[in-house]
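# A closer look at the structure
One-letter residues, chain by chain:
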There are 4 protein chains.
Amino acid sequence: MIIVLKPQATKEQAEELLARIAALGLRPLYMPGTERTVLGALGDERVLESLHLDGHPIVERVQAILAPYKLVSREMHPHDTVVDLGGVPVGGPHFTVIAGPCAVESLDQMRDTARAVQAGGARALRGGAYKPRTSPYSFQGLGREGLAILREVSREFGLPAVTEVVEVGDVAAVEEFADAFQVGARNMQNFRLLRALGQSRKPVVLKRGMAARVDDLLMAAEYILAEGNPNVILCERGIQTFETATRNTLDLNAIPVIKSRSHLPILVDPSHGTGLRDLVAPMAKAAAACGADGLLIEVHCDPATALSDGKQSLFPEQFATLMRELSPFVSAAGKTLT
Amino acid sequence: MIIVLKPQATKEQAEELLARIAALGLRPLYMPGTERTVLGALGDERVLESLHLDGHPIVERVQAILAPYKLVSREMHPHDTVVDLGGVPVGGPHFTVIAGPCAVESLDQMRDTARAVQAGGARALRGGAYKPRTSPYSFQGLGREGLAILREVSREFGLPAVTEVVEVGDVAAVEEFADAFQVGARNMQNFRLLRALGQSRKPVVLKRGMAARVDDLLMAAEYILAEGNPNVILCERGIQTFETATRNTLDLNAIPVIKSRSHLPILVDPSHGTGLRDLVAPMAKAAAACGADGLLIEVHCDPATALSDGKQSLFPEQFATLMRELSPFVSAAGKTLT
Amino acid sequence: MIIVLKPQATKEQAEELLARIAALGLRPLYMPGTERTVLGALGDERVLESLHLDGHPIVERVQAILAPYKLVSREMHPHDTVVDLGGVPVGGPHFTVIAGPCAVESLDQMRDTARAVQAGGARALRGGAYKPRTSPYSFQGLGREGLAILREVSREFGLPAVTEVVEVGDVAAVEEFADAFQVGARNMQNFRLLRALGQSRKPVVLKRGMAARVDDLLMAAEYILAEGNPNVILCERGIQTFETATRNTLDLNAIPVIKSRSHLPILVDPSHGTGLRDLVAPMAKAAAACGADGLLIEVHCDPATALSDGKQSLFPEQFATLMRELSPFVSAAGKTLT
Amino acid sequence: MIIVLKPQATKEQAEELLARIAALGLRPLYMPGTERTVLGALGDERVLESLHLDGHPIVERVQAILAPYKLVSREMHPHDTVVDLGGVPVGGPHFTVIAGPCAVESLDQMRDTARAVQAGGARALRGGAYKPRTSPYSFQGLGREGLAILREVSREFGLPAVTEVVEVGDVAAVEEFADAFQVGARNMQNFRLLRALGQSRKPVVLKRGMAARVDDLLMAAEYILAEGNPNVILCERGIQTFETATRNTLDLNAIPVIKSRSHLPILVDPSHGTGLRDLVAPMAKAAAACGADGLLIEVHCDPATALSDGKQSLFPEQFATLMRELSPFVSAAGKTLT
């Protein structure tokens, strides 16, 4: 329920109402604006009837939130949210490119790749220390050592670091070493992990699961916001379909759908989304064209030797070319390459 | 099998070779170029061994076609094909927009819509006279009367007409009244219809089936080319997935995949591809950005009264706005709005 | 709309009411029963109001049909339909097995296979003369010659013949030579073909499309019934999913769903449904267990030499074993192997 | 790599070979049999060449494991594995039914349900204390209190308890209170959780993810076995497809596929697999018919009041009827209702 207060309502009156909402067992929300204040009440809305809000002297209008998600919905929060990712803005008028290797492999590899992606125009660095791999016999990431390398290189180049967290027990370590958490597709509905990240205030890049509908993704984001962390960045990375020409089917339709339903920023990962190096550039441009807020791109200083996902990683010069060619698409979409 | 002849090979020598290919039960193809001539041999390539082509005095090199489709593949025909759709080019450097209502409903409706789409910048007119509908109790199209209306309005506005054909028995009538055939998603593997269209020389807009892989679409196109009609225009229009936010999942990944595998032009239909009016503009821009050769868009002079697909048809003013906004995306993709 | 008449209603009164229904532009249906007569009215039900049926002296009750399909729905026709397939019953208490090769290849092949499937216990013979193949370069069937072979062998062994029809122009020929039409998955929404088959009275085995929901299949069947042919036998044969271990995903859930929504018999084709010989027997048993009315199974006298689908065809001895093992499952499901 | 030793090989010789395998950085496996001993070597098999096993005096034959999973594959372990679930056997000749409510709600609810499922013939009790729910505002389970209730009722009725674990941090608690872990579809690729469960020796019921291919499920199981826990029971519970008549599409094809690729037992969950109460019985019978080793079924003493998944829970009398009707299908499949 959204409760729009009249312009003359005082802060005290609002707080009194919030206290009564809380007393009914609902979760109160306080959202002051420049012209008028909006209150929220999350939970079983039927109990609100006893407050008689319709005739309440300071209430202008009461509005149900129809979406199953509340905090995440655009009904609740009509303006685009801009998330601060270690000093780099994501969302609103910005188009932000985060690039780097699939996995942190060594200090040299991260330095060479960071240099390349910075030269190309990326504003943040990605790289996984904990790698969820289909096979137990594949490289699983460097773990804590990888986090330390990422931190060092991130500072050296002034690029905020984004890295995946796969387990509640690692949240503290990742929070210490990185500027933003990434939740992978396989963990999108690891609700315990989402709750733990909701306790942090660092941004969370939440990737859509391979069998998740757009509304499932928004419900997963709601878990994080409901715990108090508003800094969620969504990410489309491909869904499972019958098509075998691509590893996944990047679903760009999700971008305008999400933009209409939620105020959260949404990135596109054309590397995992297609699984094919040659498709990264065209799909990156298409993502910019249909309104995405940025990209998550795999770049490796030497893809042929990459320990994971080499087939979909761009060569440094390919990344530089993509960034040059991307610029007019971003402008035509009314955004600015951050 | 592709057989590249030496520059000095004469036409007579080529014809003699073609005759020997035919004598082996293979299908011979003659593809003269400016610098050298290329021959093709379709069928069981093992029987070719008896020709000893490797050491043949006029043969420069012999190359297997790896793709299951031959005439459609880029291996066979490395340059982009440009199809002439009633005077309007489709493919290559051109970006072509075909617009109009889902169904021909009346002379007035077609005139009003044709005026609007022409003003907006469309170069060809679409409109169905035979409508494949899920329910036998839904409007099934005006049939021959609809074809006549389409022809009249098409001539009046100088916009070539594209209309769906659903049955071998209607091919002659549609050929008489329209400038191009359209084969709908449900008929993509109606192989008898494809063969019949291969006997014509009018262009065929072949839509991808809802459960068809990219390679299935290319094999369907091969049916038409194999009968002798090279004028095929492919069209991506959404596939079936688990996502319910959109009616279909428009698969833009297919565009760069098809561009790499085939020389045929590929359009995108964001109207059927998403089923939602608000998604047509963003997905149209994304289609331009990732390399499509044009769009097939549903526009209705009065969508609220449309007899079919009103929910996804653009209002005339929405179409005009889309065309204005589309222009920089087309340019950035290196194409020209035809 | 279903209109249940009172027991005392005479035939004349019913006919008068049907005439008034027709006069309103609706399609009247006459369904006499042992205890009382039921009338149907298909079309825009709002116009029925002018008949004031609620207070009509011979009308007991009026009931809307909620399903989008009418003639096909169990609401309209609560009892199981039993279709007569050239003397062999399909549906109701019967479990009917139709077997044979994918394609008619020669008289010898059909004879050898017919002998084997009859010995195993099949009651009807399948075999395609017109083969819809993904590639134009694959074997496309023997056509009319194949029909003649099928007819001859069918008569010789006393097994009714089922064969695919792919085109309106072939309906007459297939009707002449076969006891039942088969509509393949790729033609499930070839509505013109469905209408043409609705003009016949021979049974139609209608296979589910690879991207068709259960309700799409039932709507396709409605096309045939709406034209006057009530002899439709549905067939589940696998849908497109992301799973690659099987060629298609046989969706047995569809069997009980269809049983609850429609009165038509439903067969299962585990050969196409899985694409793997080793899966035919277990999935055939599962089909019997969940309520299917029979099976469509590919058997070839020599699968290694089959011109199509050899990988999924059973050897004669495998078919015999399957039929033996199937029997207790059919009994446990409350049916009788016909 | 599988290394089959000659009958006369001694244990000392085998151990010496295992030590050399380990020294090469591969993982050695010791699998003594009644007639001869088999050794395994997991990892990069190329390094094994230096051992010259082909000519080794105690080696009979060396065989590569082609599947990407090793310990899980039938190549490695040709006989069916029977897992001991708190005294109840799962796999091999047994057909085992585990039943209970979706969530533990109260002591009374568990007692009433346990009584009903035991009367019906279930041999183990299910019930979730930690519920992964799509919405953060839905009932999330009773947590530790729920585990305690489950334990008490499980002991009272002598039914081993199976319950879901969603987080590494809960593994110890669940191990203390339950006889088997359940890993839900959303956690199938929570690899850290799988590793933690691999450290236990209690059975793990591993459910297939909604977008997981059969091979992804087997690779997930490999994570658990690779850590040393051989007691894995697989479970098919429906995949995501375009069909909307059912909540998920229960993929029974997976049963015979898994049986051919792996020695692990496989259960079917028709409750989640279809999401519809009326489909549970027919799909349970179909599961038995195609070779499943048992069922996981939701039964609630009062489905109308269930806090989750009431729509798919059986009433006690429905469960009793199902168990009675199931029996001949289990027998026909060559198994015994345990």
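We now turn to the structure provided with this report. Note that this is a predicted model, so its numbers are computed, not measured.

### Observations concerning the interface of chain B and chain A
Contact with chain B, which involves 34 residues of that partner, is made by 34 residues of chain A. Contact between chain B and chain A buries roughly 2,600 Å² in total, counting both sides, with carbon and sulfur atoms accounting for 70%. Counting the surface chain B buries against chain A, the share from its top three residues, Phe-242, Asn-253 and Phe-329 of chain B, is 25%. Counting across the interface, chain B meets chain A through two salt bridges. In this structure, Arg-208 of chain A engages Glu-243 of chain B in a salt bridge whose closest nitrogen and oxygen atoms are separated by 2.7 Å.

### Here's the deal with the relation of the copies chain D and chain A
At an RMSD of 0.1 Å, chain D and chain A line up after a rotation of 180° and a shift of 0.1 Å along the axis. Viewed as a symmetry operation, the transformation between the two copies matches a two-fold axis. Minimal C-alpha distance to the rotation axis in chain D is attained by Ala-211 of chain D, lying at 2.7 Å. With an isologous cut-off of 70% or more, the 100% of interface residues of chain D that recur at the interface of chain A puts this contact in the isologous class.

### Some remarks on the pattern of salt bridges
Applying the stated rule across the entire model yields 80 salt bridges over all chains. Here Glu-298 of chain C ties to Arg-126 of chain C by a salt bridge, and the two come within 3.7 Å at their closest N and O atoms. Of the two residues, Glu-298 of chain C sits in strand β14 (residues 294-298) while Arg-126 of chain C sits in strand β8 (residues 124-126), which places them 172 residues apart along the sequence. With relative accessibility at 3%, the residue Arg-126 of chain C sits in the buried group. Two residues, Glu-325 of chain D and Lys-285 of chain D, come together in a salt bridge whose shortest N-O distance is 2.6 Å. Of the two residues, Glu-325 of chain D sits in helix α10 (residues 316-332) while Lys-285 of chain D sits in helix α9 (residues 277-289), which places them 40 residues apart along the sequence. Accessibility expressed as a relative area gives 36% for Glu-325 of chain D, which makes it partly exposed. Because the salt bridges share partners, they merge into one network encompassing Arg-208, Glu-236 and Asp-251 of chain A together with Glu-243 of chain B.

### Some thoughts on the packing of aromatic side chains
Geometry of an aromatic ring pair is reported as the spacing of the ring centres plus the angle between the planes. Applying the stated rule across the entire model yields six aromatic pairs over all chains. Taking 6.4 Å as the distance between ring centres and 35° as the angle between the ring planes, the aromatic pair formed by Phe-329 of chain A and Phe-329 of chain B counts as tilted. In this pair, Phe-329 of chain A sits in helix α10 (residues 316-332) while Phe-329 of chain B sits in helix α10 (residues 316-332), so the two residues belong to two different chains. Since its relative accessible area comes to 1%, Phe-329 of chain A is described here as buried.

### Brief notes about helix α10 (residues 316-332) of chain C
Residues and elements named next belong to chain C. Spanning 17 residues, α10 covers 25 Å between terminal C-alpha atoms, matching the ideal 24 Å at 1.5 Å per step. The largest bend in α10 is about 35°, located at Leu-326, with the proline Pro-328 one to four residues further on. Residues of α10 that are buried include every one of Pro-316, Phe-319, Leu-322, Met-323, Leu-326, Phe-329 and Val-330, and no others. Looking one or two residues beyond α10, the residue adopting positive phi is Gly-334, at roughly 80°.

### Focus on the side chain of Gln-189 of chain D
Of note, Gln-189 of chain D is situated in the loop between β10 (180-183) and α5 (191-198). Under the relative-accessibility criterion, Gln-189 of chain D is labelled buried at 12%. Engagement of the side chain of Gln-189 of chain D in a polar contact is seen with the side chain of Arg-186 of chain A, the distance being 2.5 Å. Contacts of Gln-189 of chain D, omitting those with residues within four sequence positions, involve Thr-134, Arg-186 and Met-210 of chain A together with Asp-216 of chain D.

### What about the interface of chain D and chain A?
Counting from both sides, the interface comprises 32 residues of chain D and, opposite them, 32 residues of chain A. The interface formed by chain D and chain A includes two salt bridges. On inspection of chain D and its partner chain A, the count reaches 16 residue pairs in polar contact (both at pLDDT 80 or more). Among the elements of the structure, α5 and α6 (214-226) of chain D are those that each provide at least two residues to the side of chain D that touches chain A. Examining the composition of the side of chain D that touches chain A, we find that five residues originate from one element, α6 of chain D, more than from any other. Residue classes in the side of chain D that touches chain A are distributed as 15 nonpolar, seven polar and 10 charged.

Criteria and cut-off values
For every chain, the first residue of its written sequence is number 1, and the numbers climb from 1 along that sequence. Both sets of labels track the order of writing: A upward for chains, 1 upward for ligands. Note on the predicted model: pLDDT of at least 70 is required for a residue's local features to be given, and 80 or more for side-chain atom pairs to be given and counted; whole-chain, interface and lining totals, by contrast, use all residues. Remark: hydrogens and water are excluded; side-chain values derive from all non-hydrogen atoms of the structure. Residue contacts are defined here by distance: any two heavy atoms, one from each residue, within 4.5 Å place the two residues in contact. In short, buried area is how much 1.4 Å probe accessible area vanishes from two parts on joining, totalled over both. Each salt bridge in this description consists of a side-chain nitrogen of Lys or Arg and a carboxyl oxygen of Asp or Glu lying within 4 Å of one another. The copies were overlaid with a least-squares fit restricted to C-alpha atoms from residues scoring a pLDDT of at least 70 in each copy. In DSSP terms, a helix is any run of H or I states spanning at least four residues, a strand is any run of E spanning at least two, and both are numbered starting from the N terminus. The buried label applies to any residue whose accessible area, calculated with a 1.4 Å probe on protein chains only, is under 20% of its type's maximum; exposed applies above 50%, and partly exposed to all values in between. Pairing of aromatic rings covers Phe, Tyr and Trp, the last through its six-membered ring, and needs centres within 6.5 Å; plane angles under 30 degrees mean stacked, over 60 mean edge-to-face, and all others mean tilted. In this analysis, the expected span of each helix is defined as 1.5 Å times one less than the number of residues it contains. To obtain the bend at a residue, axes are fitted to the seven residues ending there and to the seven starting there, and the angle between these axes is taken. Any N or O atom pair separated by 3.5 Å or less is treated as a polar contact, with the protein-specific requirement of one donor-capable and one acceptor-capable atom, and with residues adjacent in sequence counted only for side-chain atom pairs. Residues are grouped as follows: Ala, Val, Leu, Ile, Met, Phe, Trp, Tyr, Cys and Pro are nonpolar; Asp, Glu, Lys and Arg are charged; every other residue, Gly included, is polar.

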